[in-house]
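Now for the letters of each chain:
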Amino acid sequence: MVNKTKLNHIKIPAIVFLVIVATALAVRLWPRTVPFEQCSDLYQKYAAVEGIDAKFIKDYKVNDTIFIDVTLLEAKSDSAWLTLQTDFHIPIIPEEYRELFENTDAIDYWLAPKGKYIPPMDSVLLNNDAVTVSRKKHLVSVFHLTNETQADVIFLKKLHEINKDNE
């Protein structure tokens, strides 16, 4: 017969260990928010716009070594999408050609001056941010560049995602 005291000596450390592991996982996986004033100006501009779901991601992991801040603007209504198309000078596809784009997620990509987000780009690379647009998802993503490698890596990642989505 097992002594109850010995069982308690095993149970208590096991429970303490599980609580420590659970707490560590909760802290690691718990979503963290960035204070509003530390978010991008672009996020702050669209955060309260009706019909646009604005998100700011600090240190978005592009690959194993590249992290970048990104602002995501997703239109939840046709009028909100029209607002984003107007603000970012996204060409509107004529009705007769729209069905050509319905089954694919053609991503527009360009570099544009920080704070303007419309072409042409500034001749100094780091004075620009990378902008991607998914017409299918009504999503504008603005990657806030801080070094030269980021623009190339973002372009290649988006190209990979397009190919994967269209397989």
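Residues numbered from 1 in each chain as written. Predicted model: local features only at pLDDT ≥ 70, side-chain atom pairs only at ≥ 80, totals over all residues. Heavy atoms only, no water.

Student: Is there a simple way to explain a nonpolar patch on the surface in this structure?
Tutor: On the surface, Phe17, Leu18 and Val21 cluster together into a nonpolar patch covering about 300 Å² of accessible area. Within the fold, Leu18 resides in helix α1 (residues 4-29). (Patch = residues over 30% accessible without salt bridge, like charges linked within 9 Å, V, L, I, M, F, W, Y side chains within 5 Å. Areas by Shrake-Rupley, 256 points an atom, 1.4 Å probe, with all protein chains shown as cover. Salt bridge = Lys/Arg side-chain N within 4 Å of Asp/Glu carboxyl O. Helix = DSSP H or I, 4+ residues; strand = E, 2+ residues; numbered from the N terminus.)

Student: Would you mind showing me how to read the sheet that holds strand β5 (residues 139-144) here?
Tutor: Strand-to-strand pairing in sheets goes through backbone hydrogen bonds, with the strands running parallel or antiparallel. If you walk across this open sheet you meet the 5 strands as β1-β2-β5-β4-β3, and the pairing is antiparallel. The strands lining the two open edges of the sheet, one partner per strand, are β1 (52-61) and β3 (107-113). The sheet shows a mean angle of 20° between the axes of neighbouring strands, direction not considered. In the packing of helix α3 (residues 78-87) onto the sheet, the strands contacted are β1, β2 (67-75), β4 (128-134) and β5, and the crossing angle to β2 comes to about 130°. (Pairing = 2+ DSSP bridges. Axes fitted to C-alpha atoms, helices over the stretch in contact; angles between N-to-C directions. Contact = heavy atoms within 4.5 Å.)

Student: Which parts of the structure should I look at to understand the pattern of salt bridges?
Tutor: Should their charged atoms come close, side chains of opposite charge can pair. Under the defined criterion, the tally for this structure stands at 6 salt bridges. Between Asp129 and Lys114 there is a salt bridge, with its nearest N and O atoms 2.6 Å apart. On the criterion of sequence distance, the pair formed by Asp129 in strand β4 and Lys114 in the loop between β3 and β4 is long-range, its members being 15 residues apart. Under the relative-accessibility criterion, Asp129 is labelled buried at 1%. (Buried < 20%, exposed > 50% of the residue type's maximum accessible area, 1.4 Å probe, protein only.)

Student: How should the nonpolar core be read in this particular structure?
Tutor: Soluble, globular proteins show a tendency: their nonpolar side chains are buried together. Counting 21 residues, the largest nonpolar core has Tyr46, Leu73, Leu84, Phe88, Val131 and Val140 as its most contacted members. Every element with two or more residues in this core is listed here: α2 (41-46), β1, β2, α3, β3, β4 and β5. With near-sequence residues (within four places) excluded, Tyr46 lies in contact with Ile52, Ala54, Leu73, Leu84, Asp87 and Phe88. (Core = buried A, V, L, I, M, F, W, Y, C linked by side-chain atoms within 4.5 Å.)

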